[in-house]
Amino acid sequence: MTITTITEFPRKVTEIENLWIPLADGTKLAARMWLPEDAKDNPVPALLEYLPYRKRDGTHVRDALTHPYFAGHGYAAIRVDMRGNGESDGLMTDEYAKQEQDDALEVIAWIAKQKWCTGKVGMFGISWGGFNALQVAARKPPALKAIITICSTDDRYEDDVHYKGGTVINEMLGWAATMLAYSSRPPDPKIVGNRWRKMWMNRLENEPFLVIPWLSHPHRDAYWKHGSVCETFAAVDAPTLIVGGWNDAYSNAIPRLMKGLRTTRKAIIGPWAHKYPHFAVPEPRIGFLQEALRWWDQWLKGESTGANRDPDYRYYVMEPWKPGTFPERINGRWLSDSYWGIGHVDTKKWWLNSGGIGPTAGTETPLSICSKQTTGADGGEYCIIWLGPEFPGDQRRDDAQSITFESPALVTDIDIVGQPAVELEFSADKPVAHIAVRLNDVWPTGEVSRITYHLQNLCMRDSRETPMPLEPGKRYRMKIKLDDIAWRVPKGHKLRVSISTSYFPMMWPAPEPVTLTVYAGKSQLHLPIRKEVAGEAPLSWKGSEAAPPADMTELKKPWNKRETTIDDKTGELRIAIEDDFGEYELHPHGLIVAGAGRESYSILSDDPLSARMETHWTEERRRGKWHTRTETYGRMTATKTHWVIWGKIEAYEGKKKVFEKEFNEQIPRLLQ
């Protein structure tokens, strides 16, 4: 579905390229605003998107599609750069810090007092902006009347880019490296004048390498509970529209938010990766901006749009696609339900037997695996952001190093809608063990697609706060919930449960090779199956609309690659990923931007302590004679007892290096 560009709106719009918002401590935050021309005479509600990603260049392209559209329909649309980012004053010390929330409260209060504002404010955003929309709503600013949170989570420990099931995911270093690069970029002299260099040097000198504090909090302590709205669901009283995609890392947070929030809340879940739904991939896209307007008009303008009467869940049931490809479009159908996991859904229990998945328990049989450390090479990216070759590949190679349980070929289509779970009776031969549990779709032609999965640190079988080592050889029982999903398994396909002790490079390996024993005949699969509903018609949406694209010139095309090799002599797995974002000139301010991110992974098949991840980012900005570039590097390895972290920032003016800083840290490894 193409995006329809809208050029005529009910209200004429003026753009303010930079607007200063003063804070009580003297800090000024830089904002970009789109405002109806007559707003001073006919005030409007305001919509705030609050990010560290730089309005001037980082989100310039996507902002052009969204903010003028809202403004043209009678809103003040405001993109604010957080403290220490873009042209805003100050320093940023961490993600989702209390200072970030405090500043947002001041920003909302300032907006509500402006003559062009009715005093009512909405807050929205994807990822970081979706996180802080929830977090700020929990602080209850009086003017904040509604939010839209996209691709976000209620639990920073359980479902962000740091830990999953208590395992360290390599996206932790990946995202820390991304922020090291993003935060190294200078402010634009056209906005801040001659003080740009002093601001830049101050930021570089104080810039943190965030993987260090993240690894320093390996369990779900107060550090992670801060900003996790699951700790204070009742505090969020602003009506909340929750949006996400099945191919995004945060999909399973949506049902938790829907269950936990006590305010009016609705959910939309498409087939998408980590993108706004009006320009998302994979398709189909939806008319998300029209849906957002219905939400805003209902709660900020008091119009009866019916948004409060929409079904609680509107979601897309995906049909399988051939694994190992980038699906431009995923076939399927849109459905709606009042509840998740109940109502039209029955959870069926099957037994994991030595002969496969069956309706009754078989003879107890111990099945053991010590997966090669290279298992997981076809797992894809934890969070699909850059839209290169990031989707999971064919699972056959990983399944060959796993304990597997397979069903007979299905005699009818089934829709898996909800949160599958695997209840395992197991033992391990080491005190620290991690497992990857996958629910797979086996095609009649042999290919294997991953439906959903979970990673689990078995030391956290009872608690994320106070993990306990395993007693080697002792039998345990644990119910492991996989990520929520809506997936149709066609007739003739088979279901497969796969369990491995490694899943690299997504999951960092345990410190020693682990032999896991799963007791077939005692373990179970819990599968949510949606019943057919007589007379049910699929939902339909308005087509995707947006404001005109940003005025820009492409100087160099972007490209992506992912290369996997195995050394014939050593058996070492090597994965090299590169995302070159091209080069663009942004009009009318003439800033030329370029960037590239690189990640590499390596591990020997029999040695978890050989695991290594390295990153290298380049960020370049120039206009006329003004030319800056930063090169940022990261590396993560581990011993049996410590994480070993190294990083570096290099900053250049033209060809001259003007700044360099290194990070070297060893962090105790506590049951990880």
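Since the structure is predicted, the reported quantities are computational estimates derived from the model, not experimental observations. For every chain, the first residue of the written sequence is number 1, and numbering continues from 1 along that sequence. Owing to the predicted nature of the model, reporting of local features is limited to residues with pLDDT of at least 70; listing and counting of side-chain atom pairs is limited to 80 or more, with chain, interface and lining totals taken over all residues. Hydrogens and waters are ignored; side-chain quantities use all the structure's heavy atoms.

**Q** How do you make sense of the side chain of Arg-623 when you look at a structure like this?
**A** With respect to the helices and strands, the residue Arg-623 is situated in strand S32 (residues 607–623). Here a polar contact means two N or O atoms within 3.5 Å. Within protein one must be a hydrogen donor candidate and the other an acceptor candidate, and residues neighboring in sequence count only if both atoms are side-chain atoms. Separated by 2.7 Å, the side chains of Arg-623 and Asp-188 make a polar contact. What makes two residues a contact is simply this: any of their non-hydrogen atoms within 4.5 Å. Ignoring any residue separated from it by four or fewer positions in sequence, one finds Arg-623 in contact with Arg-56, Asp-188, Lys-190, His-589, Gly-590 and Leu-591. A run of DSSP states H or I qualifies as a helix once it reaches four residues; a run of E qualifies as a strand once it reaches two. Both are numbered from the N-terminal end.

**Q** Sorry, what's going on with the packing of helix H2 (residues 98–113) against helix H3 (residues 128–137) here?
**A** Between two packed helices, both the angle of their axes relative to each other and the distance between the axes serve to describe the pair. Lines fitted to the C-alpha atoms define the axes, with helices restricted to the stretch that makes contact. Angles between their N-to-C directions range from 0 to 180 degrees. In contact at an axis separation of 10 Å, H2 and H3 are set at 75 degrees when each is read in the N-to-C sense. In terms of orientation, H2 lies roughly perpendicular with respect to H3. Taken together, the residues of H3 that come into contact with H2 (itself represented by Glu-100, Gln-101, Ala-104, Leu-105 and Ile-108) are Trp-128, Asn-132, Gln-135 and Val-136. Along the lines of polarity and charge, the residues of the contact of H2 with H3 split into five nonpolar, three polar and one charged. An angle below 35 degrees is read as roughly parallel, one above 145 as roughly antiparallel, one from 65 to 115 as roughly perpendicular, and any other as oblique. Charged residues are taken to be Asp, Glu, Lys and Arg, nonpolar residues to be Ala, Val, Leu, Ile, Met, Phe, Trp, Tyr, Cys and Pro, and polar residues to be all remaining types, Gly included.

**Q** Just to check I follow, could you spell out the side chain of Thr-637 for this structure?
**A** By the element assignment, Thr-637 lies in strand S33 (residues 626–638). Judged by its relative accessible area of 18%, Thr-637 is buried. Apart from residues no more than four positions distant in its own chain, Thr-637 is found in contact with Trp-508, Ala-611, Arg-612, Trp-643 and Val-644. Each residue gets one of three labels from its accessible area relative to the maximum for its type: buried under 20%, exposed over 50%, partly exposed in between, using a 1.4 Å probe on protein chains only.

**Q** I keep staring at the packing of helix H1 (residues 60–72) against helix H10 (residues 288–300) and nothing clicks. Help me out?
**A** At their nearest, the axes of H1 and H10 sit 11 Å apart, and the two run at 40 degrees to each other. With respect to each other, H1 and H10 are oriented oblique. The handedness of the crossing between H1 and H10 is right-handed. Residues Leu-65, Thr-66, Tyr-69 and Phe-70 of H1 form the contact with H10, whose own contacting residues are Leu-289, Gln-290, Ala-292, Leu-293 and Trp-296. In the contact of H1 with H10, the residues fall into seven nonpolar, two polar and no charged. What makes a crossing left-handed is the near helix being turned counterclockwise from the far one by less than a right angle; a clockwise turn instead makes it right-handed.

**Q** Could you clarify how one ought to interpret the sheet that holds strand S24 (residues 494–500) in this entry?
**A** Neighbouring strands of a sheet are bound in pairs by backbone hydrogen bonds; such pairs are parallel or else antiparallel. Note: two strands are recorded as paired if DSSP finds a minimum of 2 bridges between them. As summarised here, the arrangement of the four strands in space is S17-S24-S20-S21, forming an open sheet in which the pairing is antiparallel. Unpaired on one side and paired on the other, strand S17 (403–406) and strand S21 (448–457) mark the two borders of the sheet. On average, each strand axis in the sheet is tilted by 15 degrees relative to the strand beside it, whichever way the strands run.

**Q** Help me understand the nonpolar core, please; the structure alone is not making it clear to me.
**A** Within soluble globular proteins, side chains that are nonpolar tend to cluster in buried spots. Trp-116 and Trp-296 are the most contacted members of the largest nonpolar core, which totals 208 residues. Apart from the residues within four sequence positions on either side, Trp-116 is in contact with Met-33, Leu-35, Ala-39, Lys-40, Pro-43, Val-44, Ala-46, Ala-76, Ile-78, Trp-110 and Ile-111. Only buried residues count toward a nonpolar core. Its members are Ala, Val, Leu, Ile, Met, Phe, Trp, Tyr and Cys residues joined through side-chain atoms within 4.5 Å.

**Q** What should I look at first to understand the pairing of strand S26 (residues 523–530) in this one?
**A** Of all eight residues in S26, eight are buried; the element is thus mostly enclosed. The two faces of S26 match: Ser-523, Leu-525, Leu-527 and Ile-529 on one face and Gln-524, His-526, Pro-528 and Arg-530 on the other face are all buried. Pairing analysis gives three bridges linking strand S19 (residues 421–428) to S26, with the strands arranged antiparallel. Across the sheet, Ala-421 pairs through a bridge with His-526, a residue of S26.

**Q** So what exactly am I meant to see when it comes to the pattern of salt bridges here?
**A** Close approach of charged atoms allows side chains of opposite charge to pair. In the sections that follow, a salt bridge refers to a side-chain nitrogen of Lys or Arg positioned within 4 Å of a carboxyl oxygen of Asp or Glu. Per the stated rule, a full pass over the model turns up 68 salt bridges. A salt bridge links Glu-283 to Arg-285; the nearest nitrogen and oxygen atoms lie 3.6 Å apart. Look at Glu-283 and you get buried, because its relative accessible area is 15%. Accessibility expressed as a relative area gives 15% for Arg-285, which makes it buried. With a shortest N-O distance of 3.2 Å, Asp-429 and Lys-430 are connected by a salt bridge. Overall, the relative accessible area of 33% leaves Asp-429 in the partly exposed class. Via salt bridges that share partners, Glu-15, Glu-17, Arg-32, Arg-56, Asp-188 and Arg-623 belong to a single interconnected network.

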